[in-house]
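# Tertiary structure, described
Single-letter residue listing:
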Amino acid sequence: MEELGLILRPTTQYSNTPPLQAFTMWPRLKEDIQTVFERDPAARSTWEVAIAYPGFHAILIYRFAHSLWQRKLTTLARFVSHIGRFLTGIEIHPGATIGRRCFIDHGMGVVIGETSEIGDDVTIYQGVTLGGTSTEPIKRHPTIEDSVTLFSGAAVLGPVTVGRHSRVGAGSVLVTSVPAHSTVVGIPGRVVKREARHTAAGKAIIDLNSADLPDLVAKAIGGLADYVEKLERRVDELSDRQGGLEEKTNEESEELNRIKEILKNTGS
């Protein structure tokens, strides 16, 4: 009960920790629900979002767990996040930092590590991993800047930075930092396009269309196929030339044999 009192009442014991204020939670709650409507056309009502969207539930549980973590109630925070993982299939460490309007769609299998930092307006699909690459208690998880989209199964590993308004394609494994407005695909992830898209008012567009992500393997195979075709045409040209030379040589040989026959008959 003493720990619960620390959570609910303002305190100066932890100077860098803001008090948990219910009055500031309602606007954030409404904002999160509105975010779902903006990015998921399947959402039809506020009640549907409130009771049937695991990504929405995971963010709510994370915020509570994160508040406990800030108050140094780490074991209780981990227990709350564990309950959230059990209920939603989404694992968010309470030590992670997540900005406003983060939308986790479907969400099953999402893992967000302790030192991860996520900006505002980030969209995360199922199976995404923000993982660490060190066993030391240091910054070992990614930093995801504003308006980034992480598609299904993407993995961002280590203390790398994904620049704002970037997209990481489905199944990609990113282990290096990428600049803003990047499109990343492949294993390991590589930047294949840099393009900034904005509305007429200048607001950045959150691009959820994964159909236009380049296929590096198909592009490479296509380039090899074109090169092989050029080589085949060149071989055919050389073969034609070689065939012409052989035919000319045969004609010359026949002519030479006739001359030899004439000379032989003349000599006899």
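One can find the structure itself at the top, above this paragraph.
Presented here is an overview of the structure given in this document. Residue numbers here run from 1 along each chain, matching the order of that chain's written sequence. Given that the model is predicted, a residue must reach a pLDDT of at least 70 before its local features are reported, and side-chain atom pairs must reach 80 or more before they are shown or counted; all residues, however, enter totals for whole chains, interfaces and linings. In computing side-chain properties, one takes all heavy atoms of the structure into account and sets aside hydrogens as well as water.

## With respect to the overall build of the protein chain
The helix and strand labels rest on DSSP assignments: H or I over at least four residues marks a helix, E over at least two residues marks a strand, and numbering proceeds from the N terminus. Each helix and strand counted, the protein chain has six helices and 15 strands in total. Within the span of the protein chain, comprising 268 residues, buried residues form 35% of the whole. Across the protein chain, the fraction of contacts at a sequence separation of at least 24, relative to all contacts at a separation of at least 6, is 36%. Total accessible area computed for the protein chain in this model is approximately 16300 Å², and 57% of it derives from carbon and sulfur atoms. For every residue, the accessible area (1.4 Å probe, protein chains only) is compared with the maximum for its type, and the residue is labelled buried under 20%, exposed over 50%, or partly exposed between those bounds. Contact definition: two residues touch when any of their heavy atoms are within 4.5 Å. Using a 1.4 Å probe, the Shrake-Rupley method yields the accessible areas, and only the shown protein chains count as cover for residues.

## Quick look at the pattern of salt bridges
A carboxyl oxygen of Asp or Glu within 4 Å of a side-chain nitrogen of Lys or Arg is what we treat as a salt bridge. Within the structure shown, the criterion is met by nine salt bridges. With a shortest N-O distance of 2.5 Å, Glu 31 and Arg 100 are connected by a salt bridge. Within this pair, whereas Glu 31 is found in helix H2 (residues 22-39), its partner Arg 100 is found in the loop between strand S2 (97-98) and strand S3 (103-104), the two being separated by 69 residues in sequence. A residue is classified by how much of its surface remains accessible, and Glu 31, at 17% relative accessible area, is buried. The exposure class of Arg 100 is partly exposed, given its relative accessible area of 37%. Here Asp 121 ties to Arg 39 by a salt bridge, and the two come within 3.5 Å at their closest N and O atoms. Placement of the pair is Asp 121 in the loop between strand S5 (117-118) and strand S6 (123-124) and Arg 39 in helix H2, with a sequence separation of 82 residues. Across the pair, exposure class does not vary: Asp 121 and Arg 39 are buried alike. One continuous salt-bridge network, built from bridges that share partners, spans Arg 28, Glu 31, Arg 39, Arg 100, Arg 101 and Asp 121.

## Looking at the pairing of strand S14 (residues 182-185)
Every second residue of S14 is oriented toward a common face, with Ser 182 and Val 184 on one face and Thr 183 and Val 185 on the other, all of them buried. When DSSP finds at least two bridges between two strands, those strands are taken to pair. Alignment of strand S12 (residues 167-168) against S14, held across two bridges, turns out to be parallel. Of the residues in S14, the one forming a bridge with Arg 167 is Thr 183. Bridge count between S14 and strand S15 (residues 190-194): four bridges; the pairing is antiparallel. From the neighbouring strand, Ser 182 faces S15, where its bridge partner is Arg 194.

## What about the packing of helix H4 (residues 54-70) against helix H5 (residues 74-88)?
Here H4 crosses H5 at 175°, and the two axes come no closer than 8 Å. Comparing the axis directions of H4 and H5 gives the class roughly antiparallel. Judged by residue contacts, Pro 54, His 57, Ala 58, Ile 61, Phe 64, Ala 65, Leu 68 and Trp 69 of H4 engage Thr 74, Leu 76, Ala 77, Arg 78, Val 80, Ser 81, Gly 84, Leu 87 and Thr 88 from H5. Residue type decides the class: Asp, Glu, Lys and Arg count as charged, Ala, Val, Leu, Ile, Met, Phe, Trp, Tyr, Cys and Pro as nonpolar, and the leftover types, Gly among them, as polar. Here the residues of the contact of H4 with H5 sort into eleven nonpolar, five polar and one charged. All axes are obtained by fitting lines to C-alpha atoms, using only the stretch in contact for helices, and the reported angles, taken between N-to-C directions, cover 0 to 180 degrees. Any angle that falls under 35 degrees is termed roughly parallel, while one over 145 is termed roughly antiparallel, one within 65 to 115 roughly perpendicular, and all others oblique.

## Observations concerning H5
Owing to its 3.6 residues per turn, the α-helix aligns residues three or four sequence positions apart on the same side. The span one expects for a helix is its residue count, reduced by one, times 1.5 Å. Helix length check: H5 (15 residues) gives 21 Å between terminal C-alpha atoms against 21 Å at 1.5 Å per residue, within 8%. Of all the positions in H5, only Ala 77, Val 80, Ser 81, Gly 84 and Thr 88 are classed as buried. All buried residues of H5 lie within an arc of 95° about the axis, which places them on one face of the element. H5 presents Thr 75, Phe 79 and Phe 86 as exposed residues on the side facing more than 90 degrees away from its buried surface. Structurally, H5 contributes buried residues whose contacts are with H4 and strand S1 (91-92). Along the arc lie the directions from the helix axis toward the C-beta atoms.

## Here's the deal with the nonpolar core
Residues grouped as a nonpolar core are buried Ala, Val, Leu, Ile, Met, Phe, Trp, Tyr and Cys residues, joined through side-chain atoms within 4.5 Å. Among the nonpolar cores identified, the biggest contains 27 residues, and Ile 112, Ile 118, Ile 124, Ile 144 and Leu 150 are the most heavily contacted of them. Element by element, the count of residues in this core is highest for H4, at three residues. In contact with Ile 144, not counting residues within four places along its chain, are Glu 117, Ile 118, Gly 119, Val 122, Leu 130, Leu 150, Val 156 and Val 162.

## Remarks on the side chain of Ser 81
Relative to the elements of secondary structure, Ser 81 occurs in helix H5. Here a polar contact is recorded for every N or O atom pair within 3.5 Å, except that within protein the pair must consist of a potential hydrogen donor and a potential acceptor, and residues adjacent in sequence are included only if both atoms are side-chain atoms. Reaching out from Ser 81, the side chain makes a polar contact with the backbone oxygen of Arg 78 at a distance of 2.8 Å.

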